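# Descriptive structure summary
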Amino acid sequence: MATLSAVPSASWPNSNPSPNSAFLSQNSHHERNPAVQDRTSMRQSQRTDLSGDGDADESLSSSPNHHTVRSPNSNLREVVSHSTSPVPSLLHISFNQDHGCFAAGTDNGFRIYNCDPFREIFQRDFDHTGGIGVVEMLFRCNILALVGGGPEPQYPLNKVMIWDDHQSRCIGELSFRSEVRAVKLRRDRIIVVLEQKIFLYNFADLKLLHQIETIANPKGLCAVSQLTSSFVLVCPGLQKGQVRVEHYASRRTKFFTAHDSRLACFALTTDGQLLATASTKGTLVRIYNTSDGTLLQEVRRGADRAEVYSMAFSSNAQWFAVSSDKGTVHVFGLKVNSGSLGNDKSRSGSDANNAVTTSGSSLSFIKGVLPKYFSSEWSVAQFRLLEGSQYIVAFGHQKNTVVIVGMDGSFYRCQFDPVAGGEMTQLECHNFLKPEAAV
């Protein structure tokens, strides 16, 4: 079974990648046999940041938006342009690691967009309307991870395909015995999430480093930190509501019960120190210290049961956002301080502190007398959308802005007042499946 391997190379991608750097090649690897076996000739692929630090959009659009490529060793033409193709159906949306871009998997390919300014960077449409159910970016690198999806998947659902957009073709694959639920990428690791297992691979040589067993995980819940100096992985444990935290730098594993109900959503700060969790009830969100499992803060999304779709921390960990099927995006102020995280510096700025003090219920002084609902900590700011639609949320690169992307093809950028709170101000709105329909 042909899968993925790699030629030896330096860690990647870096801020100034070498144009001659060799990265991936198509070899053999199997889920049950971590050893890499060479079955085909090595094909080297350049790994390049798709954008520089200056003008991200210019660099990202260096490859044409639509083109046709025939893979040299494949019977299938990988990509074809359809200038008059109908609006595709969305199967997947996700942000990249710094929330500067988002990816959309459709029933006939995938697309990559820049968030600020909003712009479609490129789209790749496959022959025979092949669906893509997972698109995982690695910051703005030309290498992506794809998994088939939809009624006519482009690739088998049990395979992770490694796509090189410079060559506009897949350069390798990882195969498993069951369907892939999610893929997470770091600059040095590939994490593949199955229904009840997680596989961790080294990116440089595709060596299998770790296998983790989990409780049934149909949503593919998993979160990883992105700092090179530390690697934290969070996933469900083996019991309902239990969280497992792997601290790979210190070789520690921590288990703790986050909720009485099953876990529904995770979010992790870039450094891996703070974890947000929501259960299938969807009323409360809890913030934990990943080092020791200490509960640092609990906030209330609402009173009614809801399905939480997405959660995100701001880059400075002062704010936290939640989206659910109730149609409202909530922003909360974090009140984590140096005492909560040991030697870590205070993460709460004055704006967040001011907002938090006003977001609690005015009845909190009789906490313990009335039900817990009345002493709950509520959101600072809100943005209302269509109830029932699925939206993912992230913080924008501009101060106090939130980016919202919907499975209905909608893109919103909003701004919140960190002190006064209340309803957010809509800055822009687009239908990203119909760029010409932007308003």
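Residues numbered from 1 in each chain as written. Predicted model: local features only at pLDDT ≥ 70, side-chain atom pairs only at ≥ 80, totals over all residues. Heavy atoms only, no water.

### Examining the pairing of strand S27 (residues 319–324)
We apply this condition: Residue exposure (1.4 Å probe, protein chains only): buried if accessible area is under 20% of the type maximum, exposed if over 50%, otherwise partly exposed. Labels follow the DSSP assignment, with helices taken as runs of H or I lasting at least four residues and strands as runs of E lasting at least two, numbered in each case from the N terminus. Think of it this way: DSSP has to see at least two bridges between two strands before they count as a pair.
Across the six residues of S27, six count as buried, placing the element largely inside the fold. Along S27, one buried face is formed by Trp 319, Ala 321 and Ser 323 and the opposite face, lined by Phe 320, Val 322 and Ser 324, is buried too. Both strand S26 (residues 308–313) and S27 contribute to a ladder of five bridges, which runs antiparallel. Across the sheet, the residue bridging to Phe 313 is Phe 320, located in S27. Examined bridge by bridge, S27 and strand S28 (residues 328–333) share four bridges and lie antiparallel to one another. Looking at S28, one finds that Val 322 is bridged to His 330. Taking the residues that link successive antiparallel strands as the turn, the S27-S28 hairpin has three residues, and the phi of Gly 327 there is positive, at about 90°.

### A look at the sheet that holds strand S24 (residues 284–289)
To keep it simple, the criterion reads: Orientation is described by lines fitted to C-alpha atoms, with helices fitted over the stretch in contact, and by angles between N-to-C directions that extend from 0 to 180 degrees.
Spatially, four strands are ordered S22-S23-S24-S25 in an open sheet, and the strand pairing comes out antiparallel. A strand with exactly one partner marks an edge of an open sheet, and here the two such strands are strand S22 (263–268) and strand S25 (295–300). Each adjacent strand pair in this sheet contributes to an overall mean axis angle of 20°, direction not counted. Sheet topology note: the strand S23 (residues 274–279)/S24 ladder contains five bridges and is antiparallel. Along S24, the bridge assignment pairs Leu 275 with Tyr 288.

### So, the sheet that holds strand S33 (residues 422–423)
Taken together, the five strands give an open sheet; going across it, the order is S26-S27-S28-S29-S33, and neighbouring strands pair in mixed fashion. Only two strands of the sheet have a single partner each, and these edge strands are S26 and S33. With two bridges connecting them, strand S29 (residues 381–384) and S33 associate as parallel partners. The partner of Ala 381 across the bridge, within S33, is Gly 422.

### Here's the deal with the pairing of S29
One ladder, built from four bridges, connects S28 with S29; its direction is antiparallel. Across the sheet, Val 331 pairs through a bridge with Ala 381, a residue of S29.

### Remarks on the pattern of salt bridges
Filter applied, for reference: The working definition used for a salt bridge is a side-chain nitrogen of Lys or Arg within 4 Å of a carboxyl oxygen of Asp or Glu.
A complete count under the given rule lists 14 salt bridges for this structure. For Arg 181, the salt bridge goes to Glu 195, with nearest N and O atoms at 2.7 Å. Pair noted here: Arg 181 is in the loop between strand S13 (169–175) and strand S14 (182–185) and Glu 195 is in the loop between strand S15 (189–193) and strand S16 (197–202), with a separation of 14 residues, a long-range link. Here Lys 219 ties to Glu 307 by a salt bridge, and the two come within 3.6 Å at their closest N and O atoms. Taken together, the residues Lys 219 in the loop between strand S17 (208–213) and strand S18 (223–224) and Glu 307 in the loop between S25 and S26 connect sequence positions 88 residues apart.

### Focus: a positive patch on the surface
Note the cut-off: Like-charged residues within 9 Å of one another, or nonpolar side chains (Val, Leu, Ile, Met, Phe, Trp, Tyr) within 5 Å, are grouped into patches, provided each residue has over 30% relative accessible area and no salt bridge. Here, Shrake-Rupley sampling with a 1.4 Å probe gives the accessible areas, and only protein chains in the shown set may cover a residue. When charges are counted, Lys and Arg are positive and Asp and Glu negative, with His and the chain ends excluded. To locate a charge, take atom NZ for lysine, CZ for arginine, CG for aspartate or CD for glutamate.
A contiguous patch of positive charge on the surface is contributed by Lys 240, Arg 262, Lys 281 and Arg 305. Tracing the chain through its elements places Arg 262 in the loop between strand S21 (252–257) and S22. Arg 262 gets classed as partly exposed once you look at its relative accessible area, which sits at 42%.

### Notes on the nonpolar core
Note the following rule: By convention a nonpolar core is built from buried Ala, Val, Leu, Ile, Met, Phe, Trp, Tyr and Cys residues, the set being connected through side-chain atoms within 4.5 Å.
Val 160, Phe 176, Ile 190, Val 192 and Tyr 201 are the most contacted members of the largest nonpolar core, which has 23 residues in total. Counting only elements with at least two residues in this core, the list comes to strand S11 (143–148), strand S12 (159–164), S13, S14, S15 and S16. For this core, the element with the highest residue contribution is S11, accounting for three residues.

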